[in-house]
Every structure is written in C-alpha cells, then in structure tokens.
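Residue-level listing of the chains:
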Amino acid sequence: MALPTATGAAQCPECFADVTLTKVMQNEITQCPGCGAELEIVSLEPLTLSLAPQEEEDWGE
Ligand SMILES: [Zn+2]
C-alpha cells in the first residue's frame, strides 16, 4: 500500500521562500533551499511546513 504523498509548493515559515516538494509524506523532514532550516511537513492538504523541532540538549537548563 502506498502512503499518501503530495507534490507542490509550500512556504517556509522561517524565510517565506517557496519550497518545492515532490512526493513528500506527512511528518517528513525537508530542508529549506533558501535559509537551510529543517522543515517538517505537518500537512499534505494543503501542503504546510513547520520548523522541525531542534534536537538541542539544553532542555534541562
Ligand atoms: Zn527558509
């Protein structure tokens, strides 16, 4: 069974560049070609990007 994918463009929440996505799945991580931020596909319909959670180790501070 094929997982649902989407192809299209979405806007980077960091620099507002258009990011072209090809056959991406929900929760997939991609990188913005404009600012290099790691972006998570949070929705396929419509294609929506969110900044991916940073794996920093300062949670306990
Ligand atoms: Zn960006």
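Residues numbered from 1 in each chain as written. Predicted model: local features only at pLDDT ≥ 70, side-chain atom pairs only at ≥ 80, totals over all residues.

Visitor: Describe the overall build of the protein chain, listing the residues and the values that go with them.
Guide: Broken down by element type, the protein chain carries zero helices and five strands. Overall, the protein chain shows an N-to-C arrangement of helices and strands of β-β-β-β-β. Over its C-alpha atoms, taken along the principal directions, the protein chain stretches across nearly 40 × 30 × 15 Å. Within the protein chain, the proportion of its 61 residues that are buried is 11%. Nonlocal contacts in the protein chain, meaning residues at least 24 apart in sequence, comprise 21% of its contacts between residues at least 6 apart. (Helix = DSSP H or I, 4+ residues; strand = E, 2+ residues; numbered from the N terminus. Buried ≥ 20, exposed ≤ 12 C-beta atoms within 10 Å, placed from the backbone. Contact = placed C-beta atoms within 7 Å.)

Visitor: An account of the nonpolar core is requested, with residue identities and associated values reported.
Guide: Counting residues in each nonpolar core, the largest one holds seven residues, listed as Ala10, Cys12, Val19, Cys32, Leu39, Ile41 and Leu49. Apart from the residues lying within four places of it in its own chain, the contact partners of Val19 are Ala9, Ala10, Cys12, Thr30, Cys32, Pro33, Leu39 and Leu49. (Core = buried A, V, L, I, M, F, W, Y, C linked by C-beta atoms within 7 Å.)

Visitor: Please set out the pairing of strand S1 (residues 6–11) residue by residue, giving values where relevant.
Guide: As paired strands, S1 and strand S2 (residues 18–24) are joined by five bridges and run antiparallel to one another. By the bridge assignment, Ala10 is partnered in S2 with Val19. Connecting S1 to the next strand, S2, in antiparallel fashion are six residues, including Phe16 with a positive phi near 65 degrees. (Pairing = 2+ DSSP bridges.)

Visitor: Just give me the short version of unusual backbone geometry, but keep the residues and values in it.
Guide: Residue Pro46 is bonded to the preceding Glu45 through a cis peptide linkage, with omega at 0 degrees. Structurally, the position occupied by Pro46 is in the loop between strand S4 (38–44) and strand S5 (47–51). Unusually for a residue other than glycine, Lys23 sits at a positive phi of about 50 degrees. Even without glycine at this site, Asn27 takes up a positive phi of about 75 degrees. Mapping Asn27 onto the fold places it in the loop between S2 and strand S3 (29–31).

Visitor: Describe the sheet that holds S5, naming the residues involved and giving the relevant values.
Guide: The strand order S3-S4-S5 describes an open sheet built from three strands, whose pairing is antiparallel. Where the open sheet ends on each side, the last strands, each with one partner, are S3 and S5. Each adjacent strand pair in this sheet contributes to an overall mean axis angle of 45 degrees, direction not counted. Pairing of S3 with S4 involves three bridges; the strand directions are antiparallel. Paired with Gln31 across the two strands is Glu38, which belongs to S4. (Axes fitted to C-alpha atoms, helices over the stretch in contact; angles between N-to-C directions.)

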